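# Architecture at a glance
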Amino acid sequence: MRKILSSFYLVLAITFFIGGQAVLAQTVGLKIDYTVTVSDPSTQQFHISTDIKNINQPRLDLSLPTWTPGWYTVENYFKNVLRFRITDGSGKILPHTMSRKQTWNVGTKGIKEIKVDYDYQATVLALNQAKITKDFAFFTGIELFLQAEGHRDEPSTVHFAIPSGWKIVSALKETNDPMVFTADNYDTLVDAPTELGNFDVTKFEVEGKLHYFVANPAGTFSAEKAQKFTEMVAKVAKVDSAIFGGLPYEKYCYFYFFSPPESNASGALEHLNSFVAFAPPGSIATPEMIIGTAAHEFFHLWNVKRIRPAEMWPYDYSRENETPLLWVSEGFTNYYGNVARYRAGLMTPDTFLQSAADAASGIENTEARHYISPAESSVSTWAGYDTPVAFGISYYTQGQNLGALLDLSIRQDTEGKSGLDDVMRALFNDFYKRGTGFTTEDMIGIINRLTKKDYHDFYRQYVFGTDVPDYDRIFGYAGYRLEKKTQQVPEFGIGLRNRNGGLMVSSIDPNSSAASSGLKVGDVVTKVNGEVPARVAFGTLAGKTITLTVNRGGIESEIPMKVGSRDVTGYSLADGANLSDQQRRIRDGWLKR
Ligand SMILES: [Zn+2]
């Protein structure tokens, strides 16, 4: 970061020649102020004004992102923009041209300042969308804020004009003025969610840093539950902080919607110093129910937001960013979500061991594991993140499984001196802190350095290949063996999405009993056997006949359905007899807390 002095501006002009055309780019000096106005919530439109001053180049290119990092789907936020207009300092309209689907060019020869105005239609409550209701407004900078291309590293200021009585909680940096926030650069500007309006806020400190727990709608997740939940997430934060040597942010925000999302972008999404999550209604949701997702999302503030695959450093907001490393970004985050809860005393040793066994059985019971490597499922996510693909496997589970296996292998090869924690810490210190992303080869280099062995074969077999790991050997390092038991699991034959106050049927397997039950795509299942879905133990329903309460076009009816079943091989980790000293050492290290 370069400091900008208010009295004078250091202007560094560099001329690039691209294809014989001279493009003048200036690397420092713009003063960028955004103003976000919600004047009438009933219009469901934000008004965004972008004031750009100190322009010293003949053309400015302004762009809006097409996707939200972490939610690997192109959304083209420009489609929500209305009344886009650029004026100069005197208010005269400046002509502009659109050069890409989300990029506008404006001639600025002899022009020092411009103002860009537009409205943004915010009608979808989802992780990667913006929404305005009568009670609140929500957005993440990615949907609303223009980038002045070539000026990505420059700071900016965000001003808010909102209805009286509305609160603000933003992941942006606070100033003395509660209506004004700042961002150090464009990437932090757009990676910060903001919630405006009426909601519950619980403030608490962890390691001297301010944390906000935001619960929406107001009054639905009780103060007692909020208190308990903040104590739990504080424990998780301390465990993670101990791995990396401190919390790398000034403040952290947990944004919770205890209400259904309005698109497929449900679940939760990580940001630099915050995450946004959807949860069951506040009256049903409990801290224990939502801590798993919270521990996962919190670990992301290191893994993927800072420890980031080189292909996404920097993010290219204009197009898909494929990387073969999401099995690390998501899978290790799954693994560490469990590790953190276990170390924080929020998970028993048995449950932790079972989570490792479940990841293994989750992979080995999936046919696609013999065809699609973790590296391949990572790259191909852009084809299937938002909609199901015909044949796939989750890099979340693939990477969670490999996380445990790598952790144990490194512990074995270093006689318990190092583990996966040391790999994560090295990725953080040697790559993120030096301002760069990491590659597969970088990661192998770290593991080889720690173990004094060559892990290329491990990656060739299990990361880029589809070999089945020798589980008994690797879990055996800690004195465990895999016990396999065939069990029946339910086959519902339907795809479901959280939507419209229930589970919306998104697909129906033509050969399933769901198809013959009369269920249709678009139906919203509001109850199962008279219970709301969040309270139903779906795993116990194999072979049973259930009654679905279904809302179809506003009309409620009850549909009986026989649940199918299928045999899967469930795994569990069984204690080996007579542990050697080495096995005891590895186990104690793995389960230390
Ligand atoms: Zn994740």
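Summary of the structure given here. (Residues numbered from 1 in each chain as written. Predicted model: local features only at pLDDT ≥ 70, side-chain atom pairs only at ≥ 80, totals over all residues. Heavy atoms only, no water.)

What follows concerns the sheet that holds strand S21 (residues 209-216). Reading across the sheet, the five strands line up as S20-S21-S22-S24-S23 and stay open at both edges, with mixed pairing between neighbours. Only two strands of the sheet have a single neighbouring strand rather than two, namely strand S20 (200-206) and strand S23 (268-271). Ignoring which end each strand starts from, the neighbouring axes of this sheet average 15° apart. Looking at chain direction, S21 and strand S22 (residues 251-257) are connected through seven bridges and run parallel. When the sheet's bridge partners are listed, Leu210 is paired in S22 with Lys251. Contacts between helix H4 (residues 287-299) and the sheet are confined to S22, S23 and strand S24 (274-278), with S22 contributing the most and set at about 140° to the helix. (Pairing = 2+ DSSP bridges. Helix = DSSP H or I, 4+ residues; strand = E, 2+ residues; numbered from the N terminus. Axes fitted to C-alpha atoms, helices over the stretch in contact; angles between N-to-C directions. Contact = heavy atoms within 4.5 Å.)

Strand order in the open sheet formed by four strands is S9-S10-S5-S14, and the pairing between neighbours is antiparallel. Two strands in the sheet have a free side with no partner beyond their single neighbour: strand S9 (96-100) and strand S14 (147-148). The pairing of strand S5 (residues 59-63) with strand S10 (residues 103-107) spans five bridges and is classified as antiparallel. Across the sheet, residue Arg59 finds its bridge partner in S10, namely Gly107.

Here we take up the nonpolar core. By size, the foremost hydrophobic cluster in this structure holds 163 residues, and its most contacted members are Phe46, Ile114, Phe145, Tyr256, Trp327 and Trp590. The leading source of residues in this core is helix H3 (residues 223-244), at ten residues. Here Trp590 is in contact with Tyr335, Phe352, Leu353, Ala356, Asp407, Leu408, Arg411, Phe475, Ala478, Tyr480 and Leu573, once residues within four sequence places are set aside. Counting 16 residues, the second-largest nonpolar core is a separate cluster that includes Val525, Val528, Leu541 and Met561. (Core = buried A, V, L, I, M, F, W, Y, C linked by side-chain atoms within 4.5 Å. Buried < 20%, exposed > 50% of the residue type's maximum accessible area, 1.4 Å probe, protein only.)

A word on the pairing of strand S11 (residues 114-121). The element S11 is extensively covered by neighbouring structure, given that six of its eight residues are classed as buried. The sheet contact formed by strand S4 (residues 45-53) and S11 spans eight bridges and is antiparallel. Its bridge partner being in S11, Ser49 is matched across the sheet by Asp117. Across six bridges, the pairing between strand S8 (residues 81-88) and S11 is antiparallel. Pairing of Asp88 across the sheet is with Ile114, part of S11.

Only His296 (NE2), His300 (NE2) and Glu330 (OE) from the protein reach the zinc ion as donors, at distances of 2.0 to 2.1 Å. In primary-sequence terms, the residues that donate to the zinc ion follow H-x3-H-x29-E. A residue pair is termed long-range when its members are at least 10 positions apart, and His296 in helix H4 and Glu330 in helix H5 (residues 326-343) qualify at 34 residues. Note on accessibility: His296 and Glu330 belong to one class, buried. (Donors = N, O, S within 2.8 Å, 3.2 Å for Na, K, Ca; no water.)

The N-to-C vectors of H3 and helix H10 (residues 420-430) enclose an angle of 70°; their axes lie 8 Å apart at closest approach. Between H3 and H10, the angle is such that the two are roughly perpendicular. Across from Ala242, Ile243 and Phe244 in H3, the residues of H10 making contact are Asp421, Met424, Arg425 and Phe428. (Parallel < 35°, antiparallel > 145°, perpendicular 65-115°, else oblique.)

All chains considered together, the criterion is met by 57 aromatic pairs. Where Phe458 meets Tyr462, the ring centres are 4.9 Å apart and the plane angle is 80°; that geometry is what we call edge-to-face. Taken together, the residues Phe458 and Tyr462, both in helix H12 (residues 456-463) and four residues apart, mark about one turn of the helix. Under the relative-accessibility criterion, Tyr462 is labelled buried at 8%. The lysine or arginine in question, Lys209, covers the ring of Tyr249, its NZ or CZ lying 5.9 Å from the ring centre. (Phe/Tyr/Trp six-rings, centres within 6.5 Å; stacked < 30°, edge-to-face > 60°. Lys NZ or Arg CZ within 6 Å of the ring centre and 35° of its normal.)

Moving on to the pattern of salt bridges. Taken as a whole, this structure holds 26 salt bridges when the rule is applied. With a shortest N-O distance of 3.4 Å, Arg481 and Glu483 are connected by a salt bridge. Residue Arg481 is classed as partly exposed on the basis of its relative accessible area, which comes to 40%. For Glu483, a relative accessible area of 40% puts it in the partly exposed group. (Salt bridge = Lys/Arg side-chain N within 4 Å of Asp/Glu carboxyl O.)

Helix length check: H5 (18 residues) gives 24 Å between terminal C-alpha atoms against 26 Å at 1.5 Å per residue, within 8%. Burial within H5 is extensive, with 16 of its 18 residues counted as buried. At the exit of H5 stands Gly345, carrying a positive phi of roughly 80°. (Expected span 1.5 Å × (residues − 1).)

Take the packing of H3 against H4 next. Put simply, H3 and H4 touch, their axes get as near as 10 Å, and they point 30° apart. One finds that H3 runs roughly parallel with respect to H4. Taken as a pair, H3 and H4 cross one another with a handedness that is right-handed. For the pair H3 and H4, contact is made by Lys225, Lys228, Phe229, Met232, Val233, Val236, Ala237, Asp240, Ile243 and Phe244 and by Pro287, Glu288, Ile290, Ile291, Ala294, Ala295, Phe298 and Phe299, respectively. Taken together, the residues that form the contact of H3 with H4 break down as 14 nonpolar, no polar and four charged. (Left-handed = near helix turned anticlockwise from the far one by under 90°. Nonpolar A, V, L, I, M, F, W, Y, C, P; charged D, E, K, R; others polar.)

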